[in-house]
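# Structure assessment
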Amino acid sequence: MSKRTRIHPVQFYLNDDEQDILEEKYHLSRMKSKSAFLRKMILYGFVYEVDYSHIRKMNTLLGNISSNLNQITHRINSTNTVYQKTWTI
């Protein structure tokens, strides 16, 4: 097991209202752990959520484009042409 880098535990007490506020802010932050949330609040004083959904969509579209380019490149390299030759009489 690896040795912990954070070796100083911190314990404090909250009343019911404070606990509810902490839980609500923690869930709104969408952070993975409450410890990370509390550390960030102590060190920086704020936590904000960044919406990267538009970047994920763009990455998906770029992946589709690169797949199409790879298919075109494969066809050109294997047949020396992009389109099938059509014979007209």
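Residues numbered from 1 in each chain as written. Predicted model: local features only at pLDDT ≥ 70, side-chain atom pairs only at ≥ 80, totals over all residues. Heavy atoms only, no water.

### Regarding the overall build of the protein chain
A tally of regular secondary structure across the protein chain gives three helices and zero strands. The linear arrangement of helices and strands in the protein chain, starting from the amino end, is α-α-α. A compact globule built from 89 residues should have a C-alpha radius of gyration of about 12 Å, whereas the protein chain, at 27 Å, is more than 25% larger. Taking the principal axes of its C-alpha atoms as reference, the protein chain extends roughly 90 × 35 × 20 Å. Buried residues in the protein chain amount to 4% of all 89 residues. Carbon and sulfur atoms make up 56% of the accessible area of the protein chain, which amounts to about 9100 Å² in all. (Helix = DSSP H or I, 4+ residues; strand = E, 2+ residues; numbered from the N terminus. Rg over C-alpha atoms; globule rule 2.2 N^0.38 Å. Buried < 20%, exposed > 50% of the residue type's maximum accessible area, 1.4 Å probe, protein only. Areas by Shrake-Rupley, 256 points an atom, 1.4 Å probe, with all protein chains shown as cover.)

### A closer look at helix α1 (residues 16-29)
Side chains that are three or four residues apart share a direction in an α-helix, a result of its 3.6 residues per turn. In a regular helix each residue adds 1.5 Å, so 14 residues correspond to 20 Å; α1 covers 20 Å between its end C-alpha atoms and thus fits that length. Buried within α1 are the following residues: Leu22, Tyr26 and Ser29. Across the axial projection of α1, the buried residues extend over an arc of 60 degrees, all falling on one side. Structural note: α1 exposes Asp16, Asp17, Asp20, Glu24, His27 and Leu28 on the side pointing more than 90 degrees away from its buried face. Buried-residue contacts for α1 involve α2 (34-44). With a side-chain oxygen positioned 3.1 Å from the backbone nitrogen of Asp17, the residue opening α1 is Asn15. (Expected span 1.5 Å × (residues − 1). Arc of directions from axis to C-beta. Contact = heavy atoms within 4.5 Å. Polar contact = N/O pair within 3.5 Å; in protein donor to acceptor, adjacent residues only side chain to side chain.)

### Describing a negative patch on the surface
Taken together, the side chains of Asp16, Asp17, Glu18, Asp20 and Glu24 define an acidic patch exposed on the protein surface. With respect to the helices and strands, Asp16 occurs in helix α1. (Patch = residues over 30% accessible without salt bridge, like charges linked within 9 Å, V, L, I, M, F, W, Y side chains within 5 Å. Salt bridge = Lys/Arg side-chain N within 4 Å of Asp/Glu carboxyl O. Lys, Arg positive; Asp, Glu negative; His and termini not counted. Charge placed at Lys NZ, Arg CZ, Asp CG, Glu CD.)

### Observations regarding the pattern of salt bridges
Under the counting rule described, the total for this entry stands at one salt bridge. The partner of Glu23 in a salt bridge is Lys34, with the nearest N and O atoms 2.1 Å apart. Of this pair, Glu23 sits in helix α1 while Lys34 sits in helix α2, and the two are eleven residues apart along the sequence. By relative accessible area, Glu23 is classed as partly exposed at 22%. The exposure class of Lys34 is partly exposed, given its relative accessible area of 29%.

### Quick notes on the side chain of Ser29
Along the chain, the position of Ser29 falls in helix α1. By relative accessible area, Ser29 is classed as buried at 11%. Excluding anything up to four places from it in sequence, Ser29 contacts Phe37, Val47 and Glu49.

### Here's the deal with unusual backbone geometry
Residue Arg30 is not a glycine yet carries a positive backbone phi of 60 degrees. Assignment of secondary structure puts Arg30 in the loop between α1 and α2. Given the relative accessible area of 65%, Arg30 is considered exposed.

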